[in-house]
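Okay, here's what each chain looks like letter by letter:
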Amino acid sequence: MTRASLKRLGVIGYPVRHSVSPAFQQAALDHLAIPARYDRYEVAPHDLPAFVATLRGDEWLGINVTIPHKQAVIPLLDEVEQLSREIGSVNTVLRRPGGLEGRTTDHLGFLRAVRESGFRCEGARAVVLGAGGSARAIVAALIAAEAESIHITARSGDRATDLVAALLPRRARPGGPITSCPPGVPVLHSSAWDPSVLVPLVRSADLLVNTTPVGMRGGGADDESPVPAEALHPGLTVFDAVYNPIETPLLRDARTAGARTVSGLDMLVYQGAESFRLWTGQDGPIEIMMRAAKAALA
Ligand SMILES: NC(=O)c1ccc[n+]([C@@H]2O[C@H](COP(=O)([O-])OP(=O)(O)OC[C@H]3O[C@@H](n4cnc5c(N)ncnc54)[C@H](OP(=O)(O)O)[C@@H]3O)[C@@H](O)[C@H]2O)c1
């Protein structure tokens, strides 16, 4: 197989050198002997339209999209699924005969990660920290999974309120009024970040989700947890979207408190496996992908 005949895949972001997607996606392609090459592409915002135009070439299968392009890519595509439009985020582009199609797989990665840990989202009381792109995908997933209540708290309270407003229609059953809330449909709340509110909220929650970068290696708050340890308890499942380090300060505190912990690395690999399936039609080899992702972070 010559390099020229290889199909192309990759991840675009700015910056993108931290991404571990090339390591685990290439491991999956190689494991299944799929003749394709997955690379990282550092694309500045003003270069995004020109780069997306090149994806129309026959050699491309598609691309992953990461910060800061997840929203900006939407108007450059020919078709975008409804959920991606609602949450304002595309993380996977597919080159189809009809043009470029935008999808999101973040919500599926999150759901699989928490479900594989043994947690049941149905009827759960969830607290979500942060109201950015990943929070939108995760809240949409929790709504679809019929959590009982979802409280979004963010340091910009307005952003939390906007998130709730954007996803309110998702609570309604098809055809139902969006203001009604029949059994099985989650109640959404939003609030500004306030430790005096946060601690009692977390104490009475089943699921805590961190979508802020607090605790991320190299992010300036490496040793910090977004939640006081005293709020954590054995009845809680804690998911941290941050995956570098694999055990964040929040997850360490949660483990110490006897809570169930779920790493952001699981979400990363599962969302990547979902993208892989969309591009190749094959199930991603999870163990191979997980091993390669861990090696890339070591
Ligand atoms: N595991 C995975 O598969 C996966 C997928 C996507 C993202 N992630 C990770 O999730 C994190 C968030 O990504 P994102 O795309 O959602 O980012 P984003 O859109 O920038 O949203 C981040 C949210 O966190 C808040 N925030 C930022 N710094 C904070 C601080 N020091 N204290 C409190 N809140 C703070 C932001 O508030 P403001 O609006 O006030 O700035 C915003 O609400 C990143 O670490 C990313 O690597 C992981």
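Below, the structure is looked at part by part. Each residue is numbered by its place in its chain's sequence as written, counting from 1. Under the rules for a predicted model, residues below a pLDDT of 70 receive no local features and side-chain atom pairs below 80 are neither given nor counted, while totals for whole chains, interfaces and linings still include all residues. Calculation of side-chain values draws on the structure's entire complement of heavy atoms; hydrogens and water are dropped beforehand.

What follows concerns the nonpolar core. To qualify as a nonpolar core, a set must consist of buried Ala, Val, Leu, Ile, Met, Phe, Trp, Tyr and Cys residues joined through side-chain atoms within 4.5 Å. Each residue is placed in one exposure class: buried if its accessible area under a 1.4 Å probe, protein chains only, is under 20% of its type's maximum, exposed if it is over 50%, and partly exposed if it falls in between. Residues Phe110, Val128, Val139, Leu142, Ile150, Ile152 and Phe239 are the most contacted members of the largest nonpolar core, which totals 61 residues. Here this core takes 9 residues from helix H9 (residues 264-280), the largest share from any one element. The split of the chain into domains comes from an automatic or database domain assignment. When residues are assigned to domains, this core turns out to be shared by domain 1 (3-104) and domain 2 (107-263), each giving three or more. Not counting the four nearest positions on each side in its chain, Ile152 is found in contact with Val128, Gly130, Ala131, Val139, Ala160, Leu163, Val164, His189, Ser190 and Ser191. Where helices and strands are cited, they refer to DSSP runs of H or I of at least four residues and of E of at least two residues respectively, numbered from the N terminus. The contact criterion used throughout is that any non-hydrogen atoms of two residues lie within 4.5 Å.

Only when DSSP finds a minimum of two bridges between them are two strands counted as paired. Reading across the sheet, the 6 strands line up as S9-S8-S7-S10-S11-S12 and stay open at both edges, with parallel pairing between neighbours. What marks the edges here is a single partner per strand, and that holds for strand S9 (187-192) and strand S12 (260-263). Between one strand axis and the next, the sheet turns through 15° on average, direction left out of account. With 4 bridges joining them, strand S7 (residues 125-129) and strand S10 (residues 207-210) adopt parallel strand pairing. By the bridge assignment for S10, Ala126 is matched with Leu207. Sheet strands in contact with helix H7 (residues 195-203) are S7, strand S8 (149-154) and S10, and its direction is about 145° off that of S7. Between N-to-C directions, angles cover 0 to 180 degrees, with each direction set by a line fitted to C-alpha atoms, over the stretch in contact for helices. Together, strand S11 (237-240) and S12 form the strand contacts of H9, whose direction differs from that of S12 by roughly 45°.

Residue proximity to a molecule or strand is established when one non-hydrogen atom of the residue lies within 4 Å of it. For the ligand, the set of nearby residues contains 20 residues, the closest of which are Ala131, Ser134, Arg155, Ser156 and Arg159. Any pair of nitrogen or oxygen atoms within 3.5 Å is treated as a polar contact; in protein, a donor-acceptor pairing is required on top of that, and neighbouring residues in sequence qualify only through side-chain atoms on both sides. One nitrogen or oxygen atom from the side chain of Arg155 is found 2.9 Å from an oxygen atom belonging to the ligand. Note that an oxygen atom of the ligand is positioned 3.3 Å from one of the backbone N or O atoms of Leu268. Of all elements in the fold, only helix H5 (133-144) and H9 reach the threshold of two or more residues within the shell around the ligand. With 3 residues, the top contributor of residues to the shell around the ligand is H9. Here the term charged refers only to Asp, Glu, Lys and Arg, the term nonpolar to Ala, Val, Leu, Ile, Met, Phe, Trp, Tyr, Cys and Pro, and the term polar to all other amino acids, Gly among them. Across the shell around the ligand, the residue classes tally to 10 nonpolar, 8 polar and 2 charged.

Let us now look at H7. The set of residues buried in H7 consists of Leu198, Val199 and Val202. Along H7, the residues classed as buried sweep out an arc of 95° about the axis, all on the same side. Those residues of H7 that are buried lie in contact with S7, S8 and S10. This arc is taken over the directions from the axis of the helix to the C-beta atoms.

The next point concerns the packing of aromatic side chains. Any pair of Phe, Tyr and Trp rings, taking the six-membered ring for Trp, is counted once the centres come within 6.5 Å. Such a pair is stacked with planes under 30 degrees apart, edge-to-face with planes over 60 apart, and tilted for the rest. Overall, the coordinates contain 5 aromatic pairs when judged by the stated rule. The interplanar angle of 80° and the centroid separation of 5.2 Å between the aromatic rings of Phe110 and Phe239 together place this pair among those described as edge-to-face. Linking Phe110 in helix H4 (residues 106-116) with Phe239 in strand S11, this pair joins segments that are 129 residues apart in sequence. By the ring-pair criterion, three or more aromatic residues cluster together here, those being Tyr41, Phe51 and Trp60.

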